[in-house]
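Analysis of the macromolecular model
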Amino acid sequence: MEMPDLSAVNIRGNPLNTIPSVFHNDWDKVKKYLLTLTDRKAEWRERKLLFVGQEGVGKTTLLRCFTKKKGYRGVNTRANLSTDGIDIVEGVSLCGDSSITFNAWDLGGQEIYYPSHQFFLTSNSVYILVFDLTAPKLDRIDYWLQLLRSLGSKGFSRTITFLVGTHLDSPKCTEEYIANMTQTLNNRFPRLRFPGLQPMHFISCKTGKGVREFTETLVATVKKEQFSPILAEPWIKLHEYIKTAGSGRDYVDWEEFKEWAKICDVEPD
Ligand SMILES: Nc1nc2c(ncn2[C@@H]2O[C@H](COP(=O)(O)OP(=O)(O)OP(=O)(O)O)[C@@H](O)[C@H]2O)c(=O)[nH]1
Ligand SMILES: [Mg+2]
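First, a word on what this report is: a plain description of the structure on this page. As the structure is a prediction and not an experimental result, all values here were calculated from the model.

Quick look at the coordination of the magnesium ion (ligand 2) now. In this structure, Thr60 (OG1) and Thr83 (OG1) serve as the protein donors to the magnesium ion (ligand 2), at separations of 2.0 Å. On the criterion of sequence distance, the pair formed by Thr60 in helix H2 (residues 59-67) and Thr83 in the loop between H2 and strand E3 (86-94) is long-range, its members being 23 residues apart. Assessed through its relative accessible area of 21%, Thr60 is described here as partly exposed. Classification of Thr83 as buried rests on a relative accessible area of 9%.

Attention shifts here to the packing of aromatic side chains. Considering all chains together, one arrives at 10 aromatic pairs under this definition. Seen in terms of ring centroids, Tyr114 and Trp144 are 5.3 Å apart; in terms of plane orientation they differ by 65°. Their pairing is edge-to-face. With Tyr114 in helix H3 (residues 114-117) and Trp144 in helix H4 (residues 138-152), this residue pair connects regions lying 30 residues apart in the sequence. Both residues of the pair, Tyr114 and Trp144, belong to the buried class. Ring geometry for Phe189 and Phe194: centres 6.3 Å apart, planes at 65°, overall edge-to-face. Overall, Phe189 belongs to the buried group, its relative accessible area being 2%. Taken together, the aromatic side chains of Phe51, Phe66, Phe162 and Phe214 make up a single cluster linked through ring pairs. One Lys or Arg, Lys48, reaches over the ring of Trp105 and ends 4.0 Å from the middle of that ring. Directly above the aromatic system of Tyr143 lies the positively charged group of Arg140, at a separation of 4.9 Å from the ring centroid.

So, on to the pattern of salt bridges. Following the criterion strictly, the structure yields 11 salt bridges and no others. As a salt-bridge pair, Arg212 and Glu216 come within 3.8 Å of each other at their nearest N and O atoms. Separated by four residues within a single helix, Arg212 and Glu216 lie in helix H6 (residues 211-224), roughly one turn from each other. The partner of Lys262 in a salt bridge is Glu259, with the nearest N and O atoms 3.7 Å apart.

Parameters and conventions
Residue indices follow the written sequence of each chain, beginning from 1 at its first position. Written order decides the labels, with chains lettered from A and ligands numbered from 1. Where local features are concerned, this predicted model is filtered to residues with pLDDT of at least 70; where side-chain atom pairs are given and counted, the filter is 80 or more; whole-chain, interface and lining totals use all residues. The side-chain figures draw on all heavy atoms in the structure; neither hydrogens nor water molecules are used. For Na, K and Ca the donor cut-off is 3.2 Å; for every other metal, N, O and S atoms count as donors within 2.8 Å. Water does not enter the count, which can leave sites looking incomplete. Think of it this way: any DSSP run of H or I at least four residues long counts as a helix, any run of E at least two long counts as a strand, and we number them from the N terminus. When a residue's accessible area, from a 1.4 Å probe over protein chains only, is under 20% of the maximum for its type it is buried; when over 50% it is exposed; and in between it is partly exposed. In this analysis, rings of Phe, Tyr and Trp, with Trp reduced to its six-membered ring, are considered paired at centre separations within 6.5 Å, and the interplanar angle assigns stacked below 30 degrees, edge-to-face beyond 60, and tilted for intermediate values. In our convention, an over-ring charge means Lys NZ or Arg CZ found within 6 Å of a ring centre and within 35 degrees of that ring's normal. Between Lys or Arg on one side and Asp or Glu on the other, a salt bridge is scored when a side-chain nitrogen of the former is within 4 Å of a carboxyl oxygen of the latter.

Pasting the structure below:
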């Protein structure tokens, strides 16, 4: 790190995505961040988990399976209200594994929301692309997969995508129907064409069939695919501080935020 004459470094394409992208164009900031990282590093234990897909396919219901006690046995499939915009549920633990928590973003599937959803689709995140097995709309699945592929292809960022079919409890879902559906989906969406796309899962939110297996696979896959797991400890501290001090507030003015940053040893610039 002691290279006084070094004025610029090109880190584009470097697979070590530990350095926050906001610093990429400023070598002094990269250097400061790396120095902090050398002294004080900590593991990032949160992951963003986004539920996407067309309306009425079971995104909110699947999230309820994740958050309800024993939800892997199924939940009441009464008519849900269609999600209005985005619902966020923080701190979701899966399979009793508290070493990693998920911040779940449940995106309303009505097309009217699509333009604004784009602002919240981040790379280095985990996506659950949900569809209804009994009436799959392949062009909608295609739309989301294309969109997620474009996110994952920016620089060295990545996404993990799980394609999940719900309504496995329907009488329509015979073995033959499921076999044909699997073939159709594999032909139309070969995993090689969509980096980060995982093997498909078919589940019933009503009976819970397949939910536990899916959840276990999700946790294991996410733990294997480490997205920036090591960060500078002050930044993680600031993140926690914002969650506590900013709770219930819609915004924080810049001066106050700089105070918070200082308390956590993050340089506010
Ligand atoms: N039988 C059965 N019903 C399900 C299943 N998954 C969801 N449902 C039902 O399907 C309907 C729509 O589910 P939601 O979870 O609201 O769908 P959504 O994708 O969140 O819809 P939007 O918020 O409009 O995008 C509800 O009545 C659910 O109870 C399933 O696996 N089996
Ligand atoms: Mg919903």
